[in-house]
Amino acid sequence: MNKILLTLFFVLTSYGSFSQKIDKSKSELKSGNSTRTSGSSSSNSSSSASIRNSSSNDFGLAGLLVEGFLYVSFYSTIGDYRSENHLYNSLSKYPYFDGESGNFQNDNDSITYGNLLRFDVENHFLYSNNNTFGNHLKAKIRPFQYFYIQADYHELFEKNILTNRYTNLSFFQFNVAYDRIRFKKFNLGWTLGTTYIGNDVKKAGFSYGLHTDVFAIKNLSFNSAMIWSKINGLPVNSFEIRGKYHKKNYFFSLGYEHLKIASPNYNFITLGTGIYF
């Protein structure tokens with residue numbers, strides 16, 4: 001009997017501690033990364049002298065490498081407006097407004113609306129299990145085809161099965177986004193910005209990411225996005241992939257989101273809708 005009670009107590013406490021991932025994320029983000037070793041500073045100082053001795057002879061080669069790196073980086077992230085015509089493709093009124101264009105349309109298309117201001121809003125319900133769920137609200141302001149501003153707001157909830165109380169975690173992502181490739185059926189780009197954790201954490205960190213949209217079949221599209229950031233030395237990353245069914249200037253979506261907030265991982269099935277203004 002004692003063994004049964006002990007086993008039951010162990011299972012309940014283990015499950016209860018496992019279910020409280022949100023509290024673990026917030027606690028770790030507040031305390032920060034404690035894995036830094038004190039010996040790293042001494043090893044860095046011992047190696048710095050040898051680096052200084054060798055670096056003085058490599059300035060010429062380093063200069064060429066830096067120049068080449070900057071050129072490749074600029075071309076891969078911004079593009080060459082002198083030779084890449086797709087960079088001038090206009091922003092579409094909304095995906096499939098003409099039956100074939102996605103976020104961009106060719107300038108030589110018969111229907112041309114020019115550089116429109118577009119406002120995209122979408123909301124997704126996140127479901128992991130009966131004890132863990134959330135919501136993801138996303139908004140994009142597109143003043144023209146060259147870049148846009150994006151804001152994401154996640155609100156996660158988790159129920160403690162022992163106390164029946166909910167804990168929540170709020171985090172925000174603010175980014176400037178640039179589409180490096182702007183075809184009518186496909187766009188690919190990057191984001192730069194910041195991630196902020198609310199609640200009692202109240203800390204922010206630099207973020208960067210990649211995103212893509214594919215408009216392969218009429219009225220259907222697929223998009224994915226990844227954002228990496230660190231707060232207090234710990235990762236706060238997000239990955240999403242969705243399929244969207246477009247109807248006029250709105251859509252319905254079904255997808256998947258993975259979040260890593262400090263050491264805990266969160267996996268959600270998503271169901272949502274959106275509209276283009």
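Below you will find a few notes about this structure. (Residues numbered from 1 in each chain as written. Predicted model: local features only at pLDDT ≥ 70, side-chain atom pairs only at ≥ 80, totals over all residues. Heavy atoms only, no water.)

### Details of the overall build of the protein
On a plain count of helices and strands, the protein comes out with 4 helices and 12 strands. In the protein, which comprises 277 residues, the proportion classed as buried is 38%. Surface exposure of the protein reaches about 15,400 Å², of which carbon and sulfur atoms provide 65%. (Helix = DSSP H or I, 4+ residues; strand = E, 2+ residues; numbered from the N terminus. Buried < 20%, exposed > 50% of the residue type's maximum accessible area, 1.4 Å probe, protein only. Areas by Shrake-Rupley, 256 points an atom, 1.4 Å probe, with all protein chains shown as cover.)

### Let's talk about the environment of Ser170
Here Ser170 shows up in strand 6 (residues 166–182). Residue Ser170 is classed as buried on the basis of its relative accessible area of 9%. In the structure, Ser170 is positioned 29 residues away from Asn199 in sequence and 6.4 Å away in space, judged by C-alpha atoms. Leave out the neighbours within four places in its chain, and Ser170 touches Tyr153, His154, Glu155, Tyr196, Ile197, Gly198 and Asn199. (Contact = heavy atoms within 4.5 Å.)

### Considerations on empty space enclosed by the protein
According to the stated counting rule, one finds 3 cavities of 30 Å³ or more in the structure shown. The volume enclosed by the largest cavity comes to roughly 100 Å³. If you trace the largest cavity, you find 14 residues lining it, with Lys138, Lys140, Gln150, His211 and Ala225 closest to the centre. Here the element with the most residues in the lining of the largest cavity is strand 9 (residues 220–231); it accounts for 5 residues. Estimates place the volume of the second largest cavity at around 80 Å³. Surrounding the second largest cavity, Pro95, Asn103, Asp120, Glu122, Lys140, Arg142, Asp213, Phe215, Ser221, Lys244, His246 and Tyr276 form its lining. (1 Å grid on protein atoms, 1.4 Å probe; cavity = no way out; pocket = protein on both sides within 12 Å on 5 of 7 lines; lining within 4 Å. Points joined across faces, edges and corners; volume = space filled by probe spheres on them.)

### Topic: the sheet that holds strand 12 (residues 265–276)
Reading around the barrel, the 10 strands line up as 3-4-5-6-7-8-9-10-11-12 and close back on themselves, with antiparallel pairing between neighbours. Within this sheet the neighbouring strands show an average axis-to-axis angle of 20 degrees, counted without direction. Both strand 5 (residues 148–159) and strand 6 contribute to a ladder of 12 bridges, which runs antiparallel. When the bridges of strand 6 are listed, Tyr153 appears paired with Phe172. Running at roughly 70 degrees to strand 6, helix 2 (residues 21–31) makes contact with strand 5, strand 6, strand 7 (186–197), strand 8 (203–217), strand 9, strand 10 (234–247), strand 11 (250–261) and strand 12 of the sheet. (Pairing = 2+ DSSP bridges. Axes fitted to C-alpha atoms, helices over the stretch in contact; angles between N-to-C directions.)

### A short note on the nonpolar core
Residues Leu29, Leu156, Ile197, Leu259, Ile261 and Tyr266 are the most contacted members of the largest nonpolar core, which totals 16 residues. Taken together, the elements giving at least two residues each to this core come down to helix 2, strand 6, strand 10, strand 11 and strand 12. Residues contacting Leu259, with those up to four places away along its chain left out, are His154, Leu156, Phe171, Asn237, Ser238, Pro264, Asn265, Tyr266 and Phe268. (Core = buried A, V, L, I, M, F, W, Y, C linked by side-chain atoms within 4.5 Å.)

### Remarks on the pairing of strand 10
Pairing of strand 9 with strand 10 involves 10 bridges; the strand directions are antiparallel. Note on strand 10: the bridge partner recorded for Lys230 is Pro235. Where strand 9 folds back on strand 10, the antiparallel hairpin that results is connected by 2 residues, among which Asn232 adopts a positive phi of roughly 55 degrees. Two strands pair when backbone bridges link them, and strand 10 and strand 11 are joined in this way by 12 bridges, in the antiparallel orientation. When the sheet's bridge partners are listed, Asn237 is paired in strand 11 with Lys260.

### Thoughts on the environment of Lys203
Checked against the element boundaries, Lys203 lands in strand 8. Using a relative accessible area of 29% as the deciding quantity, one classes Lys203 as partly exposed. Residues Lys203 and Asn232, spaced 29 residues apart in sequence, show a C-alpha to C-alpha distance of 7.6 Å. The residues touching Lys203, leaving out its near neighbours within four places in the chain, are Leu29, Lys30, Thr195, Tyr196, Ile197, Ile231 and Asn232.

### A word on helix 2
Of all the residues in helix 2, the buried ones are Ile22, Ser25, Lys26 and Leu29. Along the long axis of helix 2, the arc covered by the buried residues comes to 90 degrees, so they all point the same way. Just downstream of helix 2 lies Gly32, where phi reads positive at about 85 degrees. (Arc of directions from axis to C-beta.)

### Digging into the pattern of salt bridges
What the rule picks out here adds up to 11 salt bridges. A salt bridge links Glu84 to Arg180, with the nearest nitrogen and oxygen atoms 3.0 Å apart. Residue Glu84 is found in the loop between helix 4 (59–77) and strand 1 (90–91), and its partner Arg180 is found in strand 6; the two are separated by 96 residues along the sequence. Accessibility expressed as a relative area gives 12% for Glu84, which makes it buried. Between Glu122 and Lys244 there is a salt bridge whose closest N-O contact spans 3.6 Å. A residue pair is termed long-range when its members are at least 10 positions apart, and Glu122 in strand 3 (residues 118–129) and Lys244 in strand 10 qualify at 122 residues. (Salt bridge = Lys/Arg side-chain N within 4 Å of Asp/Glu carboxyl O.)

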